[in-house]
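Listed here are the chains, written in short residue letters.
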Amino acid sequence: MKRILIALVLLTMGLTTMAQVLQKDMTVKSETKPIQLSHDTFKSEQSTVDLYYLAHGTVVVSLNDGNRTWWIYVDPVLRNGDKDIDYANLPVADIILYTHDHFDHISPDALEQHSDKHTVVYTAAACLPILDQFKHLAEVKSLANGESVRIKDLLTITAVPAYNTTKGRENFHPKGKGNGYMLTLNTKWTLYIAGDTEPIPEMAKFADKYDLQVALLPMNQPYTMTPDQVLQAAKML
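As the structure is a computational prediction, the values presented were derived from the model and not from experiment.

Definitions and limits used
- Counting restarts for each chain, with residues numbered from 1 along the sequence as it is written.
- Two thresholds apply to this predicted model, a pLDDT of at least 70 for residue-level local features and 80 or more for giving and counting side-chain atom pairs, whereas whole-chain, interface and lining totals are computed over all residues.
- Excluded from the side-chain calculation are hydrogens and water; included are all heavy atoms of the structure.
- Numbered from the N terminus, helices here are DSSP runs of H or I no shorter than four residues, and strands are runs of E no shorter than two.
- Buried means the residue's accessible area, taken with a 1.4 Å probe over protein chains only, is under 20% of the maximum for its type, while exposed means over 50%, and partly exposed covers the values in between.
- The contact definition used throughout considers only heavy atoms, calling two residues in contact when any of these lie within 4.5 Å.
- Computed by Shrake-Rupley with a 1.4 Å probe, the accessible areas treat only the displayed protein chains as cover when residues are assessed.
- Throughout this description, the term nonpolar core refers to a set of buried Ala, Val, Leu, Ile, Met, Phe, Trp, Tyr and Cys residues connected via side-chain atoms within 4.5 Å.

Draft legend 1. A look at the overall build of the chain. Across its full length, the chain holds 5 helices and 17 strands. Here the chain holds 237 residues, and the buried ones make up 52% of them. A sequence separation of at least 24 residues applies to 52% of the contacts in the chain between residues at least 6 apart. Split by element, the accessible area of the chain, about 11300 Å² in all, is 50% carbon and sulfur.

Take a look at the structure:
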């Protein structure tokens, strides 16, 4: 049976972080400065993937293909409630992914701090009005559900649906507005970043379409999943 690690991105303050769930605490070296952050390491045939869970929906993915390290930021913000988020010595982003336009998932101040003229942004279309002020970025491109972009010979990023299904919660994250993302390496090894979603019918097809190795699922009632829904989604994957 294919082994999939379901890493819970717990979105409520005070709950267990991904690093605590997985019981790992490591120190790694970047290309310039030492980085001291809890993270988890996964290996495909050709690449090493490090996941840094920072807070709420903010995750940093480090991808080393043997030639260089690529830094991918997901929903970077500077604060989680009344607490500052510690990015330690993480470099600026090569790629930034935004799942949707809620204030706790997109922050102009964080984008200013963690990007430069080489940074490329892929986003749900709802975020474009927020991003329009940033003229220094190499590219800003919206991806609709089902659209993909190829990053050199490194990986493919595919936007997938993320939405609420429970009656009375549909307006939290309407269908078609937000994105989850599949990050697929050349070896077909895939990281699934679910975004703000509940279990959705599309998840049943993901297991057949992708070689899912790691999934980051949200749990933050009533806006995303309950614990039982996380288990349901995991079984679907």
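Further notes follow.
Draft legend 2. Examining the nonpolar core more closely. Leu97, Tyr122, Leu155, Ile157, Leu183 and Leu191 are the most contacted members of the largest nonpolar core, which totals 29 residues. Of all hydrophobic cores here, the second largest spans 21 residues; its members include Ile96, Val121, Cys127 and Leu137.

Draft legend 3. Quick look at unusual backbone geometry. Along the chain, glutamine 221 connects to proline 222 via a cis peptide bond; the corresponding omega equals 0 degrees. One can find proline 222 in the loop between strand 17 (211-219) and helix 5 (227-236). Backbone geometry places histidine 56, a non-glycine residue, at a positive phi of 45 degrees. Here histidine 56 is to be found in the loop between strand 5 (48-55) and strand 6 (58-64). Judged by relative accessible area, histidine 56 falls into the buried class, the value being 8%. Phi is positive for lysine 152, close to 45 degrees, though the residue is something other than glycine. Relative to the helices and strands, lysine 152 resides in the loop between strand 13 (148-151) and strand 14 (155-162). Under the relative-accessibility criterion, lysine 152 is labelled exposed at 61%.

The quantities given are spatial measurements derived from coordinates; they are silent on function.
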